[in-house]
Amino acid sequence: MRASQKDFEDAMNQVKLLKKDPGNEVKLKLYALYKQATEGPCNVPKPGVFDLVNKAKWDAWSTLGNLPKDSARQNYVDLVSSLSSSPEPSSQVEPRADEKPAGYETLVVTSEDGITKIMFNRPTKKNAISTRMYEEIMLALKAASEDKSALTVLTGIGDYYCSGNDLTNFTDIPPGGVEEKAKSSHILLRNFVQCFIDFPKPLIAVVNGPAVGISVTLLGLFDAVYASDRATFHTPFSALGQSPEGCSSYTFPKIMGSAKATEMLVFGKKLTAGEACAQGLVTEVFPDSTFQREVWTRLKAYAKLPANTLRVSKNIIRSREREKLRAVNAEECITLEERWQSEDCMNAIMNFLSRKAKL
Ligand SMILES: CCCCC/C=C/C(=O)SCCNC(=O)CCNC(=O)[C@H](O)C(C)(C)COP(=O)(O)OP(=O)(O)OC[C@H]1O[C@@H](n2cnc3c(N)ncnc32)[C@H](O)[C@@H]1OP(=O)(O)O
């Protein structure tokens, strides 16, 4: 039986009572179905490329094409009902007794076999790191640092490991203008990188596909990096009018020597997984066909080692460098705050957005 007008109105009221924010993608879907059910197909003019919120709403509504009003109403009611019956709509994994309920919008976090796995979960955006995702990664790392697991792993859902900073973060300009945005981004970045510098247990990257920007630079702060042979490593900072972060201005020359670090960080040379391994950034490369099986078998074995001892040994290695890394992080963020206000950077962001909008 088709949903009635009353079912539709009840569902609209239920949305207001949801205990958890269902996340932007679901909210856009709800918006689109509501508009389709009440007004029919989208025939209003497309908002401008920099009017990001209204453009996203318009895109979501238009993708419904000629879906009949009563089907849209039914889909809306079904979607709301699935949200109301699911206590953790954004988490794909049942939390175990020793986990705090996560409720992340941009991550999936699991904890089993002594391993806390933090998975980037924006596959349609190649796991680009939105402002919310920076915040959630910091929260997830804090929780992982306090839980009982021996190891913490970061990996990506979908075909990418991570495409770096979400370049649309720069379009959300506050009333204080670009200067205020650059200042707040400086603070966000410094705090974010600090979480990696200070993380107290072995931190492993399972690089399942291409990695870009900050997701590459941070690898210098991990304790081991396992990569699929499909992965690539790219830091196109100069093309973006930006400068190295994630302590890479210090860790990369130390890991691979200054000439190789310059090729990556200054000239933006993209490395294959094999090249990144030869240069010491990656611990080991596996064929993509056996990557997941081989890596998780190995990590499960490592996670059986005594967790406290792993912490102690990691700490003694990191303690030699911690103060230096903090100072490098602070300096890189000061330089970036200035870069973000430069013409080179603004032009690069505009170019990305224009390409995205196919202008
Ligand atoms: C506040 C702290 C700042 C920290 C400083 C950090 C700096 C960095 O990380 S610099 C590196 C920034 N990243 C990039 O420059 C990558 C930009 N993206 C790309 O070049 C490409 O999207 C790609 C090579 C990653 C993938 O290309 P392709 O396979 O052709 O896929 P699409 O381009 O169609 O991507 C699908 C979808 O995802 C969106 N997207 C991908 N990456 C980003 C990103 N970094 N920021 C924002 N959006 C991204 C892309 O725009 C597509 O979106 P739709 O058009 O809406 O489908």
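The rules behind each value
Residues numbered from 1 in each chain as written. Predicted model: local features only at pLDDT ≥ 70, side-chain atom pairs only at ≥ 80, totals over all residues. Heavy atoms only, no water. Pairing = 2+ DSSP bridges. Helix = DSSP H or I, 4+ residues; strand = E, 2+ residues; numbered from the N terminus. Patch = residues over 30% accessible without salt bridge, like charges linked within 9 Å, V, L, I, M, F, W, Y side chains within 5 Å. Areas by Shrake-Rupley, 256 points an atom, 1.4 Å probe, with all protein chains shown as cover. Salt bridge = Lys/Arg side-chain N within 4 Å of Asp/Glu carboxyl O. Buried < 20%, exposed > 50% of the residue type's maximum accessible area, 1.4 Å probe, protein only. Near = heavy atom within 4 Å. Polar contact = N/O pair within 3.5 Å; in protein donor to acceptor, adjacent residues only side chain to side chain. Phe/Tyr/Trp six-rings, centres within 6.5 Å; stacked < 30°, edge-to-face > 60°. Lys NZ or Arg CZ within 6 Å of the ring centre and 35° of its normal. Domains from an automatic or database assignment.

Q: For the sheet that holds strand β5 (residues 211-212), give the residues involved together with the corresponding values.
A: The strand order across the open sheet formed by three strands is β5-β7-β8, and the pairing between neighbours is mixed. A strand with exactly one partner marks an edge of an open sheet, and here the two such strands are β5 and β8 (271-272). In this sheet, β8 lies alongside strand β7 (residues 232-234) in antiparallel orientation, the contact comprising two bridges. Pairing of F233 across the sheet is with L271, part of β8.

Q: Break down a nonpolar patch on the surface for me, with residues and values.
A: Residues I173, V178 and M346 make up a contiguous nonpolar surface patch of roughly 210 Å² in combined accessible area. Looking at the element boundaries, V178 is found in helix α6 (residues 177-197). V178 sits in the partly exposed class, given a relative accessible area of 31%.

Q: Requested: an account of the site of the ligand, with residues and values cited.
A: Among the 23 residues in the neighbourhood of the ligand, the closest are listed as K125, S163, N165, L167 and K356. Within the contact set of the ligand, an oxygen atom lies 2.8 Å away from a backbone nitrogen or oxygen of N165. Contact between the ligand and I214: an oxygen atom at 3.0 Å from a main-chain N or O atom of the residue. Expressed as a share of its isolated accessible area of 1,100 Å², the protein-covered part of the ligand is 72%. For the shell around the ligand, the secondary-structure elements that each account for two or more residues are α6 and α14 (343-356).

Q: Could you give me a rundown of the packing of aromatic side chains, with the residues and numbers involved?
A: Here a ring pair, both rings aromatic, is described through the centre-centre distance and the interplanar angle of the planes. Counted by the stated rule, this structure contains nine aromatic pairs. Aromatic side chains F120 and Y161 sit 5.3 Å apart centroid to centroid with 70 degrees between the ring planes, which places their arrangement in the edge-to-face category. Taken together, the positions of F120 in strand β2 (residues 115-120) and Y161 in the loop between β3 (151-156) and α6 put the pair 41 residues apart, joining distant regions of the chain. Across the pair, exposure class does not vary: F120 and Y161 are buried alike. Site record: aromatic cluster; members linked through ring pairs are Y134, F192, F196 and F222. Positioned over the ring face of Y31 is K57, at 5.1 Å from the centre of the ring.

Q: Now, about the domain arrangement of the chain: what can you tell me, with residues and values included?
A: Partitioning the chain into domains gives domain 1 (5-84) and domain 2 (107-355). Computed over C-alpha atoms, the centres of domain 1 and domain 2 are 35 Å apart.

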